[in-house]
Amino acid sequence: MTWVEIVGYGGSVLVGLSLMMANIWRLRWVNLFGAGTLTVYGGLIGAWPVVTLNSFIVVVDVYYLVKLSRERDVFSFFEVPQNMPFLREFLRFYSADIEKFAPGFELHRTQTPHVRLILRNMLPVGLFVCGPAKNGEAEIYLDYVVPGYRDFKSARFVYSDDHDGLRAAGLHTFVATARVPAQRRYFRRVGFVQDSDQPWRFTRPV
């Protein structure tokens, strides 16, 4: 296999991978690199239809990436009771996906939880559940965002919000237990500090 063929196969793999992604931002970026690579490949072998098509795809990807970067989403919390029918249906529908990130989570087992839907442009895209633990700590039982909206905009909103209600209750520190690698990467990325003695325990000021 020549290096030119490797370039062609690499571009094809990137385009194929992009089509498997639920996150539209990531999809556009990977598709852009894939189409760009195939444009170069087409030029190397003199396949101008390949160059034309993939150049067009590059332009389309760049257009939508610029458009996405300029969008200003509106986020808000919507506190809901534990017995709300919509909440029960939300948890049921996403139960398998929630299990991947928060194994063993069961809302009815949490103690005096604050249950908040995360709204993005008035669409319910996530669920944040926490409750008082000890010594002013607020334990995070669930911090979940549905597929397709995992671009960390929701996370930045969740942890930049004032959380006045939690502070009024005397809570000053978020505490999270991360049992799976994906959780640990997420909490580190949003500013939590990992406990050196208990690597599954993460903390951050409220």
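First, a word on scope: everything that follows refers to the structure included in this document.

The rules behind these values
- Residues numbered from 1 in each chain as written.
- Predicted model: local features only at pLDDT ≥ 70, side-chain atom pairs only at ≥ 80, totals over all residues.
- Heavy atoms only, no water.
- Helix = DSSP H or I, 4+ residues; strand = E, 2+ residues; numbered from the N terminus.
- Expected span 1.5 Å × (residues − 1).
- Buried < 20%, exposed > 50% of the residue type's maximum accessible area, 1.4 Å probe, protein only.
- Contact = heavy atoms within 4.5 Å.
- Pairing = 2+ DSSP bridges.
- Axes fitted to C-alpha atoms, helices over the stretch in contact; angles between N-to-C directions.

### A word on helix α2 (residues 24–45)
Link 1 in the chain: Between the first and last C-alpha of α2 there are 31 Å, a value that for 22 residues agrees with the 32 Å anticipated at 1.5 Å per step.
Link 2 in the chain: Where α2 is concerned, the buried positions are Leu27, Arg28, Val30, Asn31, Leu32, Gly34, Ala35, Leu38, Thr39 and Gly42.
Link 3 in the chain: Contacts from the buried residues of α2 go to α1 (3–18) and α3 (48–70).
Link 4 in the chain: Positioned one or two residues after α2, Gly46 has a phi angle of 75 degrees, which is positive.

### What to know about the pairing of strand β2 (residues 114–120)
Link 1 in the chain: In terms of burial, β2 is a largely internal element, six of the seven residues being buried.
Link 2 in the chain: Relative to β2, strand β1 (residues 75–79) runs antiparallel, the two being bridged by five bridges. From the neighbouring strand, Glu79 faces β2, where its bridge partner is Arg116.
Link 3 in the chain: Looking at chain direction, β2 and strand β3 (residues 123–132) are connected through seven bridges and run antiparallel. In the sheet register, Arg120 faces β3, and the bridge partner there is Leu123.
Link 4 in the chain: The hairpin turn running from β2 into β3, its antiparallel successor, is two residues long, and Asn121 in that turn takes a positive phi close to 55 degrees.

### Details of the sheet that holds strand β7 (residues 201–205)
Link 1 in the chain: The strand order β1-β2-β3-β4-β5-β7-β6 describes an open sheet built from seven strands, whose pairing is mixed. Of all the strands in the sheet, the pair left with one neighbour each is β1 and β6 (193–194).
Link 2 in the chain: As paired elements, β3 and strand β4 (residues 137–145) share seven bridges and run antiparallel to each other. Within β4, the position partnered with Cys130 by the bridge is Ile140.
Link 3 in the chain: Sheet strands in contact with helix α4 (residues 85–93) are β2, β3 and β4, and its direction is about 100 degrees off that of β3.

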